[in-house]
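Fold and contact review
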Amino acid sequence: MRRLIVDYKKLTPELLDLLTQKFPDGYGDNDIIIFDNHKNETIEAVEVKTEDAIYLVKVSSKLHYTMTNFDSNDDLLLDDAGHIVINEEE
């Protein structure tokens, strides 16, 4: 099984949907995994699993904003790579 670290900037609609399903009321301190990456930087992330991968999504205020304002029925603005474009001014 693949293990991937993902920043909120690289979220796909499918991954964001899985996150909001797993954490419908938001994530708490007990949901956060803390580890050091290969550059010896401390990373805080929440885990979400799919059939073929385990994703560690980096925790940030923008991730919280994105999850809070996500509605899987909305038309999402995607960039050329298929990642969700975050616009906090809407």
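Residues numbered from 1 in each chain as written. Predicted model: local features only at pLDDT ≥ 70, side-chain atom pairs only at ≥ 80, totals over all residues. Heavy atoms only, no water.

**Concerning the overall build of the protein chain**
Which entries qualify depends on this criterion: A run of H or I in DSSP counts as a helix once it spans at least four residues, and a run of E counts as a strand once it spans at least two, with each numbered from the N terminus. Accessibility here uses a 1.4 Å probe with only protein chains present; expressed as a share of the type maximum, an area under 20% marks a residue as buried, one over 50% as exposed, and anything in between as partly exposed. Whether two residues touch is decided by their heavy atoms; if any such pair falls within 4.5 Å, the residues are in contact. In these tables, accessible area is a Shrake-Rupley quantity obtained with a 1.4 Å probe, and a residue counts as shielded only by the protein chains included in the view.
Across its full length, the protein chain holds two helices and four strands. For the protein chain, the α and β elements follow one another from N to C terminus as β-α-β-β-β-α. Looking at the protein chain as a whole, 30% of its 90 residues are labelled buried. Sequence separation of at least 24 residues holds for 56% of the intrachain contacts in the protein chain that already meet a minimum separation of 6. As displayed, the protein chain offers around 6400 Å² of accessible surface, 44% of which is attributable to carbon and sulfur atoms.

**Comments concerning the nonpolar core**
Applicable threshold: Definition used in this section: a nonpolar core is a set of buried Ala, Val, Leu, Ile, Met, Phe, Trp, Tyr and Cys residues joined via side-chain atoms within 4.5 Å.
Leu11, Leu15, Leu19, Val46, Val48, Tyr55 and Val57 are the most contacted members of the largest nonpolar core, which has 13 residues in total. Mapped by element, the contributors of at least two residues to this core are helix H1 (13–22), strand E3 (42–49) and strand E4 (53–58).

**Regarding the confidence of the model for the protein chain**
What counts is decided by this rule: Predictor confidence is given residue by residue as pLDDT, running from a minimum of 0 to a maximum of 100.
Within the protein chain, residue pLDDT values average 79, and 68% of them lie at 70 or more. Of all helices and strands in the protein chain, the one with the weakest mean pLDDT is helix H2 (residues 61–68) (62), whereas E4 scores best (92).

**Here's the deal with the sheet that holds E4**
For the record, the criterion: Here a strand pair is declared whenever DSSP counts at least two bridges between the two strands. Angles here are taken between N-to-C directions and fall from 0 to 180 degrees, while the axes themselves are lines fitted to C-alpha atoms, restricted in helices to the stretch in contact.
Spatial ordering of the open sheet is given by E1-E4-E3-E2, a layout of four strands whose pairing is mixed. Single-partner strands in this sheet number two, and they are strand E1 (2–6) and strand E2 (32–36). Taken pair by pair, the neighbouring strands of this sheet meet at an average axis angle of 35°, ignoring direction. Where E1 and E4 come together, five bridges link them in parallel fashion. Looking at the pairing, Leu4 lines up with Tyr55 of E4. Of the strands in this sheet, E1, E3 and E4 are in contact with H1, which crosses E3 at around 90°.

**Overview of the pairing of E3**
Bridge analysis of E2 against E3 gives five bridges, and the strand direction is antiparallel. Considered in E3, the bridge of Ile34 is made with Glu44. In textbook terms, the turn of a hairpin is the stretch between consecutive antiparallel strands, and for E2 and E3 this stretch comprises five residues, one of which, Asn40, has a positive phi near 65°. One ladder, built from five bridges, connects E3 with E4; its direction is antiparallel. In the sheet register, Val46 faces E4, and the bridge partner there is Val57. Hairpin connection between E3 and E4: a loop of three residues separates the two successive antiparallel strands.

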